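So you can see what is in the structure, the chains are spelled out below.
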Amino acid sequence: MLADAEPVLRQDPVMAELVERHDPYVEPNWDEFERLCISIINQQLSTASAAAVRERVFELFRDEVTPEAVLEADDDALRSAGLSRQKIEYVRNAARAFQENDYTRAGLADYSNEEVLDLLTEIKGVGDWTARMYLLFVLERPDVLPLGDLAVRRGIEQLYGDGDDDLTRAEMREIAEAWRPYRSVATRYIWAEYESE
């Protein structure tokens, strides 16, 4: 995907500079359920706080984060790892959903982005942002623009704004039109730039 995306992204002068300066942001190779749990953990937390909680949760499960392990885990142990009562409920909802349905890459291969968003957001605790992270990182769909992500919005504003007024989401979507059909790759470059500062 990267080789196909670069010529498209380089047509945008700002994005062309990012392509020169950075490799696109990448993550460890988590499995589907682990990545959904990570997105739930990350909700409304700073990057540093989310990383600390994720590390403690994964340590608790000895890096075997499975639906079965989450459902069997002790509430007090999960709270000690840094999960709120609400997030414990949410990861358990996700665990039950994974036991009942096939949310793997193969299982969702024939679903459109919108259909995947609809399916995932039926799980209580999985909102639009979390579902878009799943599309981008787990399913590796090429054209996802997660404007619910604060770092993406701030990154676009820093790169494309004039510094006086905040850009609206509509303006951000208009800027991102130039990146189609590789907005996921552009997003990874924006994250790489944002994290480098």
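Please refer to the structure placed before this passage.
Summary of the structure given here. All values derive from a computational prediction rather than experimental measurement. (Residues numbered from 1 in each chain as written. Predicted model: local features only at pLDDT ≥ 70, side-chain atom pairs only at ≥ 80, totals over all residues. Heavy atoms only, no water.)

Within the largest apolar cluster, 61 residues are counted, with the highest numbers of intra-cluster contacts made by Leu 9, Tyr 134, Ile 156 and Trp 179. Contact partners of Ile 156, with chain neighbours within four places excluded, come to Leu 147, Gly 161, Leu 167, Met 172, Ile 175, Trp 179 and Ile 190. (Core = buried A, V, L, I, M, F, W, Y, C linked by side-chain atoms within 4.5 Å. Buried < 20%, exposed > 50% of the residue type's maximum accessible area, 1.4 Å probe, protein only. Contact = heavy atoms within 4.5 Å.)

A separate point is the pattern of salt bridges. Counted according to the given criterion, the structure contains 13 salt bridges. We note a salt bridge from Arg 10 to Glu 6, for which the minimum N-O separation is 3.7 Å. Accessibility expressed as a relative area gives 35% for Arg 10, which makes it partly exposed. The partly exposed category is assigned to Glu 6, whose relative accessible area is 23%. Between Arg 132 and Asp 128 there is a salt bridge, with the nearest N and O atoms lying 2.8 Å from each other. Here Asp 128 and Arg 132 lie together in helix H9 (residues 128-138), a separation of four residues that amounts to about one turn. (Salt bridge = Lys/Arg side-chain N within 4 Å of Asp/Glu carboxyl O. Helix = DSSP H or I, 4+ residues; strand = E, 2+ residues; numbered from the N terminus.)

To continue, consider unusual backbone geometry. The peptide bond linking Arg 180 to Pro 181 adopts the cis configuration, its omega dihedral lying at 0°. Along the chain, Pro 181 falls in the loop between helix H11 (169-176) and helix H12 (183-196). A positive phi is found at Gln 44, a non-glycine position, where the angle reads about 60°. Structurally, Gln 44 is set in the loop between helix H3 (32-42) and helix H4 (47-60). Given a relative accessible area of 84%, Gln 44 falls into the exposed group. A positive phi angle, close to 55°, is found at Glu 140, a residue other than glycine. You can call Glu 140 partly exposed: its relative accessible area is 47%.

A surface patch of negative charge is lined by Asp 162, Asp 164, Asp 165, Asp 166, Glu 171 and Glu 174. Relative to the helices and strands, Glu 171 is located in helix H11. Classification of Glu 171 as partly exposed rests on a relative accessible area of 36%. (Patch = residues over 30% accessible without salt bridge, like charges linked within 9 Å, V, L, I, M, F, W, Y side chains within 5 Å. Areas by Shrake-Rupley, 256 points an atom, 1.4 Å probe, with all protein chains shown as cover. Lys, Arg positive; Asp, Glu negative; His and termini not counted. Charge placed at Lys NZ, Arg CZ, Asp CG, Glu CD.)

Glancing now at H12. For H12, with 14 residues, the first-to-last C-alpha span of 20 Å sits near the 20 Å given by 1.5 Å per residue. Of all the 14 residues making up H12, eleven are buried; the element is thus mostly covered by neighbouring parts of the structure. Along its buried surface, H12 packs onto helix H1 (2-9), helix H2 (13-21), H9, helix H10 (150-160) and H11. (Expected span 1.5 Å × (residues − 1).)

With that settled, the discussion passes to the packing of H3 against H4. Between H3 and H4, the least distance of the axes is 9 Å, while the angle of their chain directions is 135°. By the angle between their axes, H3 is oblique relative to H4. Crossing of H3 against H4: the hand is right-handed. Between H3 and H4, the contacting residues are Glu 34, Ile 38, Ile 41 and Asn 42 on the first element and Ala 50, Val 53, Arg 54, Val 57 and Phe 58 on the second. Looking at side-chain class alone, the contact of H3 with H4 contains six nonpolar, one polar and two charged residues. (Axes fitted to C-alpha atoms, helices over the stretch in contact; angles between N-to-C directions. Parallel < 35°, antiparallel > 145°, perpendicular 65-115°, else oblique. Left-handed = near helix turned anticlockwise from the far one by under 90°. Nonpolar A, V, L, I, M, F, W, Y, C, P; charged D, E, K, R; others polar.)

A word on the layout of surface pockets. Each pocket or cavity is described by its volume, and for the largest pocket that value is around 660 Å³. If you go around the largest pocket, you meet 26 residues; those closest to its centre are Asn 42, Thr 47, Trp 129, Asp 149 and Ala 151. Looking at the lining of the largest pocket, the elements that each hand over two or more residues are H3, H4, H9, H10 and H12. Broken down by class, the residue content of the lining of the largest pocket amounts to 13 nonpolar, seven polar and six charged. (1 Å grid on protein atoms, 1.4 Å probe; cavity = no way out; pocket = protein on both sides within 12 Å on 5 of 7 lines; lining within 4 Å. Points joined across faces, edges and corners; volume = space filled by probe spheres on them.)

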